[in-house]
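# Residue-level structural notes
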Amino acid sequence: MSELIAKQKLEKINILLVDDREDGLLALEAVLKDPEYNLIKVQSGRAALSYLLANECAVILLDVQMPGMDGFEVASLIKKREKSKDIPIIFVTAINKDINYIYQGYEAGGVDYILKPFDPHILRSKVAVFIDLYRKNKLILEQSEQLRIHERARLEIEELRRFKKVADSIPHIVWIVKPSGEIEFCNEKWGQFTGAVAKSNAQFLVENVHPTDRPQFIEKMTEAVKNKSDVEIEFRLKSKTNQYYWFLGRAIAVKDEMGDLIRWFGTATEIEVQKQVEEKRKFLDELSTHLMNSLDPVETLKKVAELSVNKLSNFCSVLTLKNGNLEPVTVAHKDPSKLSLVQEFITKYPVDMTSPIGSAEVIRSGNSQFISEITTQLLEANAKNQEHLDLLKKLQIKSYIGASLFVRGIPWGVLSFFSSDRAYEQDDLILAQDIAYRTSRAVENALLYQEVVTAHATLERSNRELEQFAYVASHDLQEPLRMVSSYVQLLERRYGDKLDKDAKDFIGFAVEGAQRMQQLVSDLLTFSRVTSRPSDPDTVDFNEILSKVKRNLSVTIEETGAKIILGDLPILRGDSTQYLQLFQNLVANALKFRSSDNPIIKISANKDGDFWTFSVSDNGMGIEPQHSNRIFEIFKRLHTRTQYPGSGIGLAICKKIVEGHAGKIWVESTIGKGATFHFTLPIKKEVSAEQAIHDKSQVTLNLAHASDANQKNKSNSSSQLH
């Protein structure tokens, strides 16, 4: 046994690292670098599969997002191969953080799903668990091979005696069972562990199996006897201290050349540590799932307390720091009948912030506190009065762990675990700290989400107020500007013969300025009317929209000799008025900033994933690349008003309309070669031609009903008048 362990220590353990990014591989290598590990780095799924054809490894760390073949596909292929199906796979990703991807990872055969940036200590610990399991499984296989070697000399008494000596020397329970079911041999480990004397009747073995596991144990063993086959089973075995520990039992059916059963050689290997690690992983997976799905800080803390009492503690409390005091948020108890006692304990006796132990010390120091054994003397020393002491005794507190909750880098609360049936150990402290860390991050996310929601609501309210202000201000400015322009022109008409040339020029400047200001105010009024959210959507045929655009701009199109070429355009749902304004502004822009050639304007649309991408291209003068963002800002112009009239608001309106429909707009251009404006609209707004006809028919029908109703109302009114 010791030789096998020594041999294992000399052999380096292969760990396969799969990531298409070199920096990702270097990060994993830095965390896992160890003299006992042989880190194999590959940058594609195919390279990983090729390596596994000829080599074995203890664990695979697999990136999810890779070109060609992603991590899920690679994992599925690995699990389909007999040679590699049992290799544990840990997915590592910085992109695919949605819960659906995590579920997909586990469905693909992953044993864990780690999000970047990851905690190096946690990653090393998880990898170490699978390395340890790999070594132990390999050790068991090698031991089984030793058993098979001994089986070849099964008829020789001397060899059997030697086998018994070997069996007594290894740290596993070993037995030999005859075909009749009679126990032929149990090694010394059996007696050392159970404190019981081995008997020839197999019933004594069954009696030491945990009552819950006993039916399955009997069923498996009976089936093995009947079929004369090998058997493997996990079960809990009672120790001489009356505690149960998990074991992995394996029995090999030894047969002669004719296939007749000679005996079974069996081993039982303690796997208590592996089971605890597995249960801890399942618990943390469940906890993480709940934490990721919770966006309410209080509900998050309640769920943590509820889950913790089923895994780590008899009862759990969560306290948060408010105004210098620790106040209870939630409590949970494994026994619902004792929940009222816990609530009394928490509410009736607030935390003494000067106490040197417990939650006060945890929040003060920022460090976890671990009290393995709480004695009666310790309870008496910290009880506030006899009633308090009686309550503490009723709760039967034997052990305590307090872990700090840090939110945004400062102490925020305390997660307290109390045990009534066992003393906490160092592993429990590590688990409690892990729970506290995950809880802190979840609370941070929940608080951030609430802040974002509040900020979003505030921003929306502010935008509405600004839009309303712009509308009112621009509307109210129209009349004063009109009056200024009118009175200045009236002054010129009445006293023109008395004014010199400079005075007339001044009047001209004043009129021009007032008119330009009126245009700016009018454009601002138009911009304010384009809300960030479109009105109730209707069915919009973009071919009809472009027909209206051409009618509205027919004079300019004829004067410039422009040619407009339309591709196949879709039918979507949206605000038809805004869509008309969008295309009219873009086409008018192409006509205004034309080159010396007659304008040629091409309009097309293509499906691109979840969006339709529209393009409006021209052969005009073009735009310099450094201005590609500036032109969409309100009142931003690239030319003087004497060169090209306008207020510089048209493209800003286009941007507001597109973004209001959940799209985006941009321009691609080369000076002297024209410009192409692209914008996207969500594909979910798409409707069929049949639906468009139905919608139009419904609109017509509604209008007809409305007309009938109006006529009826008029008739009623007339009757009343008469």
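Residues numbered from 1 in each chain as written. Predicted model: local features only at pLDDT ≥ 70, side-chain atom pairs only at ≥ 80, totals over all residues. Heavy atoms only, no water.

## Considerations on the overall build of the protein
On a plain count of helices and strands, the protein comes out with 23 helices and 22 strands. Across the 722 residues that make up the protein, the buried fraction comes to 41%. Pairs at least 24 residues apart make up 63% of the contacts formed inside the protein by residues separated by at least 6 positions. Accessible surface, the protein: about 39,600 Å² in total, of which carbon and sulfur atoms supply 52%. (Helix = DSSP H or I, 4+ residues; strand = E, 2+ residues; numbered from the N terminus. Buried < 20%, exposed > 50% of the residue type's maximum accessible area, 1.4 Å probe, protein only. Contact = heavy atoms within 4.5 Å. Areas by Shrake-Rupley, 256 points an atom, 1.4 Å probe, with all protein chains shown as cover.)

## Description of the environment of D427
Take D427: it is sitting in helix 17 (residues 426-495). On a C-alpha basis, the gap between D427 and V277 in space is 10.0 Å, while along the polypeptide they are 150 residues apart.

## Considerations on a nonpolar patch on the surface
Together, L295, Y449 and V453 give the surface a local cluster of nonpolar side chains, amounting to about 260 Å² of exposed area. By the element assignment, Y449 lies in helix 17. (Patch = residues over 30% accessible without salt bridge, like charges linked within 9 Å, V, L, I, M, F, W, Y side chains within 5 Å. Salt bridge = Lys/Arg side-chain N within 4 Å of Asp/Glu carboxyl O.)

## Side note on the environment of I271
Among the secondary structure elements, I271 is positioned in the loop between strand 10 (261-270) and helix 11 (272-293). Classification of I271 as buried rests on a relative accessible area of 8%. Once you skip the residues sitting within four places of it in the chain, I271 turns out to touch E234, W246, F247 and L248.

## Comments concerning unusual backbone geometry
A cis geometry characterises the amide bond from K116 onward to P117, with omega recorded as -5 degrees. With a phi angle near 65 degrees, A662 is a residue other than glycine that sits in the positive phi range. Relative to the assigned elements, A662 resides in the loop between helix 22 (650-660) and strand 21 (665-669).

## Digging into helix 13 (residues 339-348)
Burial in helix 13 covers these residues: L341, V342, F345 and I346. Buried residues of helix 13 fall within an arc of 130 degrees about the axis and therefore sit on the same side. In this structure, the buried side of helix 13 is in contact with strand 11 (315-322), strand 12 (325-333), helix 16 (386-395) and strand 15 (410-419). (Arc of directions from axis to C-beta.)

## Regarding the confidence of the model for the protein
Per-residue pLDDT for the protein averages 81, and the proportion of residues at 70 or more is 84%. A low-confidence stretch, residues 692-722 stays under pLDDT 50, and its non-local contacts, those more than four residues away or across chains, total 6 contacts. (pLDDT = per-residue confidence, 0-100.)

## Considerations on the sheet that holds strand 4 (residues 89-93)
What holds strands together in a sheet is hydrogen bonding between their backbones, with the strands either parallel or antiparallel. Judged by pairing direction, the sheet is parallel, and its 5 strands sit side by side in the order 2-1-3-4-5 without closing on themselves. Of all strands in the sheet, those bounded by a partner on one side alone are strand 2 (37-42) and strand 5 (112-115). Going across the sheet, the axis of each strand differs from the next one's by a mean of 20 degrees, ignoring polarity. Strand direction decides the pairing type here: strand 4 and strand 5, joined by 4 bridges, are parallel. Bridging across to strand 5, I90 finds its partner in D112. Its contacts with the sheet place helix 4 (residues 71-80) against strand 3 (59-63), strand 4 and strand 5, and it is angled at close to 175 degrees to strand 4. (Pairing = 2+ DSSP bridges. Axes fitted to C-alpha atoms, helices over the stretch in contact; angles between N-to-C directions.)

## A closer look at the sheet that holds strand 12
One open sheet holds the 5 strands; their spatial order is 12-11-15-14-13, and the pairing between them is antiparallel. Each end of this open sheet is capped by a strand with a single partner; those strands are strand 12 and strand 13 (369-371). Geometrically, the sheet is characterised by an average inter-axis angle of 15 degrees between neighbouring strands, direction not taken into account. Where strand 14 (residues 399-407) lies against strand 15, 9 bridges are found, and the strand directions are antiparallel. Among the inter-strand pairings, Y400 is bridged to a residue of strand 15, identified as F418.

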